Amino acid sequence: MAEFEARPLAGKTVVLGVTGSIAAFKVPHIASRMTAMGARVVVVMTENATRFVAPLTFETLTGIEVVVSMFPEKGRKSVASAEEALERDDHLRHVHLAEAADLAIVAPATANVIGKMAGGIADDFLSTELLAMTCPVLLAPAMNVHMMESPAVAKNLETLRSRGVIIVEAEAGRLASGAVGKGRLADPDRIADMAVDILLPEQDLADRRVVVTAGPTRESIDPVRHISNPSSGRMGFALAERAARRGAQVTLISGPVSLGPPDGVKYVTVTTTDEMYEAVSSEMASLDMLFMAAAPADYRPKVRSEEKLRKGPEPMVLELEPTVDILSSVAGKRRPGQCLVGFALETENEERNARAKLERKGLDLIVVNNPKMEGAAFGTETNVATLIGRSGGVVSPGMISKTELADIVLTAALEEMGEKKSER
Ligand code: CTP
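Cut-offs and rules
- Residues numbered from 1 in each chain as written.
- Predicted model: local features only at pLDDT ≥ 70, side-chain atom pairs only at ≥ 80, totals over all residues.
- Heavy atoms only, no water.
- Phe/Tyr/Trp six-rings, centres within 6.5 Å; stacked < 30°, edge-to-face > 60°.
- Helix = DSSP H or I, 4+ residues; strand = E, 2+ residues; numbered from the N terminus.
- Buried < 20%, exposed > 50% of the residue type's maximum accessible area, 1.4 Å probe, protein only.
- Contact = heavy atoms within 4.5 Å.
- Domains from an automatic or database assignment.
- Salt bridge = Lys/Arg side-chain N within 4 Å of Asp/Glu carboxyl O.
- Polar contact = N/O pair within 3.5 Å; in protein donor to acceptor, adjacent residues only side chain to side chain.
- Nonpolar A, V, L, I, M, F, W, Y, C, P; charged D, E, K, R; others polar.
- Arc of directions from axis to C-beta.
- Pairing = 2+ DSSP bridges.

Visitor: Can you break down the packing of aromatic side chains residue by residue, with the values?
Guide: Scanning all chains against the criterion turns up one aromatic pair. Between the aromatic rings of Phe237 and Tyr267, the centroid separation amounts to 5.9 Å while the plane-to-plane angle is 75°, which identifies the pairing as edge-to-face. Highlighted residues: Phe237 in helix α10 (residues 234-245) and Tyr267 in strand β12 (residues 266-269), separated in sequence by 30 residues. Among the residues examined, Phe237 registers a relative accessible area of 6% and is labelled buried. You can call Tyr267 partly exposed: its relative accessible area is 30%.

Shown next, in the form of structure tokens:
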């Protein structure tokens, strides 16, 4: 059975420089995320960094020996040495690693490494490496608020910025010292997102017209009550954001949610399933890819009361009628080359039911998850999903963030389209 390319960073080499700050404990998450996306992550630590996080932590996550010393040590059997990872057999690691790197991330970056980079000092492996690099460098400072505000650090950061180093600004908050102020390492997911953006400059969705639906819809019972569901809209918003970052022209059609729209997308808000259907239909002629991540209400009250219904002692019967099935209706009007992606919630026989839904609704790809599973429930930041393609491809990437899943879904949809643009 064909496998989808769930590793959009395959073939990319990332050098992750870790320096001696307590914030180093947050950085294994970045190594793990980039590795899961297929990147070859070579972690380079300063001696001081190894006092905060054990190299073994990174080696276990990346499968590649952590480099600390200028001179190669005998690698452990269970991980690849940096030379093996680079498929080189010599000792000019700092040069070859610098040449092989598509991106360097320095996180956390202490005042010391920032000063060394600004001043061109190369007195350990990481600083030597950084001096030899020609690839983009992402620098995420973390330090005490007073050091952060010192004229020396501010000037060094300015110097690096003017040379094209991308600074991921530290955040304000409670610092390890107990002080409150700017100096906290940026959210590791923010650093990883920026890294992915830099590494995927192909803009593989450039010129594609992408429509994403998100959130629940609401069907009124009376002026103060409605039928709805707890969909947060997060999956659809993540898809819209990632599609926009990958170059697509994105329209995000959302039911009532409490999220702000991502930058650079056309945002259309709707309330009912009918309104969502109208909004999707009006985009149908021009779209290349439709991602129906919304959870539209399947039923609505047959009669909507104009006045608030009064309660009484008798049981109340609410007669419901089906709403339009948006995907099935628009699938009947699709042009050749258009890609339709559905999402399914299944509490049992996930794969079998989803495959049947893919056939019934005429989809190219379906993303199924079981809301009963931990990490896949409504409103969570994560998802545990299986992707099933019309051409037979299946992938289950495990519990990952909705942003990561969005990238995998977009890549799988492109593969289902055979990378072809639809006929306009
Ligand atoms: N969907 C739709 N229009 C609806 C309801 C759902 O287009 N009125 C879309 C959803 O956005 C999702 C897909 O259909 O992409 C599957 O939704 P789901 O509710 O799981 O499937 P149903 O066909 O409604 O089947 P059932 O509820 O019986 O599982």
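Visitor: If you had to explain the environment of Leu320 to someone new, which residues and values would you point to?
Guide: Along the chain, the position of Leu320 falls in strand β15 (residues 320-322). Taking the C-alpha atoms as reference points, Leu320 and Pro301, 19 residues apart in sequence, are found 4.3 Å from one another. If we skip the residues at most four places from it in the chain, Leu320 touches Ile227, Tyr299, Arg300, Pro301 and Lys302.

Visitor: Break down the domain arrangement of the protein chain for me, citing the residues and quoting the values.
Guide: For the protein chain, the assigned domains are domain 1 (2-199) and domain 2 (209-302 + 318-423). Each of domain 1 and domain 2 has a C-alpha centre, and the two are 36 Å apart. Taken together, the contact pairs 11 residues of domain 1 with 17 residues of domain 2. When the shortest N-O distance is used, the salt bridge between Arg242 and Asp197 registers 3.0 Å. Linking domain 1 to domain 2 there are two residue pairs in polar contact (both at pLDDT 80 or more). The biggest single contributor to the side of domain 1 that touches domain 2 is helix α9 (residues 188-199), with three residues. For the side of domain 1 that touches domain 2, the residue count by class is six nonpolar, no polar and five charged.

Visitor: Give a description of helix α2 (residues 55-62) that names residues and reports values.
Guide: Helical geometry: 3.6 residues make up each α-helical turn, so side chains three or four residues apart lie on a common side. When we look at burial in α2, the residues that qualify are Phe58, Glu59 and Thr62. End-on view of α2: buried residues confined to an arc of 100°, all on one side of the axis. On the buried face of α2, the contacting elements are β1 (13-18), α1 (28-36) and β2 (40-45). Following α2 by one or two positions, Gly63 has its phi on the positive side, about 75°.

Visitor: Go over the pairing of strand β3 (residues 103-109) with me, naming the residues and quoting the values.
Guide: For a regular strand, side chains alternate in direction, first toward one face of the sheet and then toward the other. With seven of seven residues buried, β3 is to be regarded as a mostly interior element. When β1 meets β3, the two strands line up parallel, connected through four bridges. Bridge pairing in β3 places Leu16 opposite Ile105. When β3 meets strand β4 (residues 137-141), the two strands line up parallel, connected through four bridges. Each bridged residue has a counterpart across the sheet, and for Ala104 the counterpart in β4 is Val137.

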